[in-house]
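Chains, contacts and geometry: an overview
Okay, here's what each chain looks like letter by letter:
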Amino acid sequence: MVISPAVGPPPLVAVVGPTATGKSGLGLAVAAALGGEVVNADAMALYRGMDVGTAKLAPAERAGVPHHLLDVLDVTETASVAAYQRAARAKIEDLRAAGRTPVLVGGSGLYVQAVVDELEFPGTDAELRAELEAELAVVGPAVLHTRLAAVDPAAAAAVLPSNGRRIVRALEVVTLTGRPFPARLAAGGPPRYDAVLLGVDRPTPELDERVARRVARMFADGLVAETRDLLDRGLRDGRTASRALGYQQVVAALDGCGPYPRGDLGAAAVETVRATRRFVRRQRSWFRRDRRIVWLDPGPDLHERALRTLVP
């Protein structure tokens, strides 16, 4: 199905949902039908060289549809949702001005919300951040989480006690602004750009199986070699990239860290499946809070049903 230029498509389409549900294929089909272009909303796909582990569509698989905000960071750089918000909005506005429909595609919930909602991100203070991170390294996240609970109980309830990076950021924001940390970001007002949000999900048993197949394919397609190459480019020094699912498990196995005997890549694959399934549950919880999302059941006519939703 191709939409006639006489029928106005929405000014922004977002295709969201958990990992391994089929977002990339749906986003590509929607963009092709609307004469649009894809804007990436997957935090890890921002990184150059992280291809196999993020399941990026290869250029030959993109059917001539331009994709934006892929491969824009080195693995040593830290991804910032505030910087992403600026870049994504600028690209969306450029596309709209050119008469092209932007199709935002990804499973990083905060990144999607940063585009479609009126979110402001507090600044940072390098010295304060360094002090908190040094303390985190010494005392661990649980101690800092207890402190966060004393000054901002709502944030502490929303941030996992094991998520040291998020706890540090919460304490930084509370200290700098004197206001609560927006750990849970409200959604529900009219979306920016009059966006239409499409969600793709699958039953848990089916999605668990898809995750297992996806991880097996990643390892078969060269995830270990890709990780070794990224280590040569400084992956260990990357605050964000080093935490990417699949890559962190391979690095741990190569180093013999944690539960892995050195070189036990089979164990790394098993743990990647487990970690990805946990991540899928968190993604589902995030997106299901947003009542603006139109959820589409998977099926052979998914692309056609999505287009009928967009342009009845």
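Residues numbered from 1 in each chain as written. Predicted model: local features only at pLDDT ≥ 70, side-chain atom pairs only at ≥ 80, totals over all residues. Heavy atoms only, no water.

Looking now at the overall build of the protein. Helices and strands together make up the secondary structure of the protein, namely 12 helices and six strands. Taking 20 Å as the expected radius of gyration for a compact globule of 312 residues, we find that the protein reaches 20 Å, a close match to that expectation. Among the 312 residues that make up the protein, the fraction classed as buried is 49%. A separation of at least 24 residues holds for 74% of the contacts in the protein among residues at least 6 apart in sequence. Carbon and sulfur atoms make up 54% of the accessible area of the protein, which amounts to about 14700 Å² in all. Put simply, the protein has 40 plus and 36 minus side-chain charges, and the middle of one group is 4 Å from the middle of the other. (Helix = DSSP H or I, 4+ residues; strand = E, 2+ residues; numbered from the N terminus. Rg over C-alpha atoms; globule rule 2.2 N^0.38 Å. Buried < 20%, exposed > 50% of the residue type's maximum accessible area, 1.4 Å probe, protein only. Contact = heavy atoms within 4.5 Å. Areas by Shrake-Rupley, 256 points an atom, 1.4 Å probe, with all protein chains shown as cover. Lys, Arg positive; Asp, Glu negative; His and termini not counted. Charge placed at Lys NZ, Arg CZ, Asp CG, Glu CD.)

Quick look at the nonpolar core now. Counting 56 residues, the largest nonpolar core has Y84, L104 and V115 as its most contacted members. Listed by contribution, the elements that provide at least two residues to this core are β1 (13–16), α2 (81–97), α3 (109–116), α8 (204–220), α9 (223–232), α10 (247–255) and α11 (265–288). Those residues in contact with Y84 that lie beyond four places of it in its chain are V39, N40, A41, L46, L69, L104, Y111 and V115. Core analysis: the next-biggest nonpolar cluster, separate from the first, contains 20 residues, V30, V65, L302 and A306 among them. (Core = buried A, V, L, I, M, F, W, Y, C linked by side-chain atoms within 4.5 Å.)

Here the structure, examined in full by the defined rule, presents one aromatic pair. Taken together, a centroid distance of 4.8 Å and an interplanar angle of 45° make the contact between Y84 and Y111 tilted. Of this pair, Y84 sits in helix α2 while Y111 is found in helix α3, placing the two residues 27 residues apart along the sequence. As far as the burial class goes, Y84 and Y111 line up, both buried. Over the ring of W295 we find R288; its NZ or CZ atom is 3.8 Å from the centre of that ring. (Phe/Tyr/Trp six-rings, centres within 6.5 Å; stacked < 30°, edge-to-face > 60°. Lys NZ or Arg CZ within 6 Å of the ring centre and 35° of its normal.)

As a further point, take the side chain of T227. Along the chain, T227 falls in helix α9. Within the structure, T227 has its side chain in polar contact with the backbone oxygen of L223 (distance 2.8 Å). In contact with T227, not counting residues within four places along its chain, are L235, Y247, V250 and V251. (Polar contact = N/O pair within 3.5 Å; in protein donor to acceptor, adjacent residues only side chain to side chain.)

Attention now goes to α2. The end-to-end C-alpha distance of α2 is 24 Å, a good match for the 24 Å that 17 residues give at a rise of 1.5 Å each. Listing the buried residues of α2 in full gives V81, A82, Y84, Q85, A88, R89, I92 and L95. The buried side chains of α2 occupy one side of the element, clustering within an arc of 150° when seen end-on. Residues of α2 that are exposed and angled more than 90 degrees away from the buried face: R86 and A97. On its buried side, α2 packs onto β2 (36–40), β3 (67–68), β4 (101–105) and α3. G99 sits one or two positions beyond α2 and adopts a positive phi of about 80°. (Expected span 1.5 Å × (residues − 1). Arc of directions from axis to C-beta.)

What follows is about the pairing of β4. Taking burial as the measure, the five residues of β4 include five buried ones, the bulk of the element. Of the two faces of β4, the one holding T101, V103 and V105 and the one holding P102 and L104 are both buried throughout. Where β1 and β4 come together, three bridges link them in parallel fashion. Of the residues in β4, the one forming a bridge with V15 is V105. Strand direction decides the pairing type here: β2 and β4, joined by five bridges, are parallel. (Pairing = 2+ DSSP bridges.)

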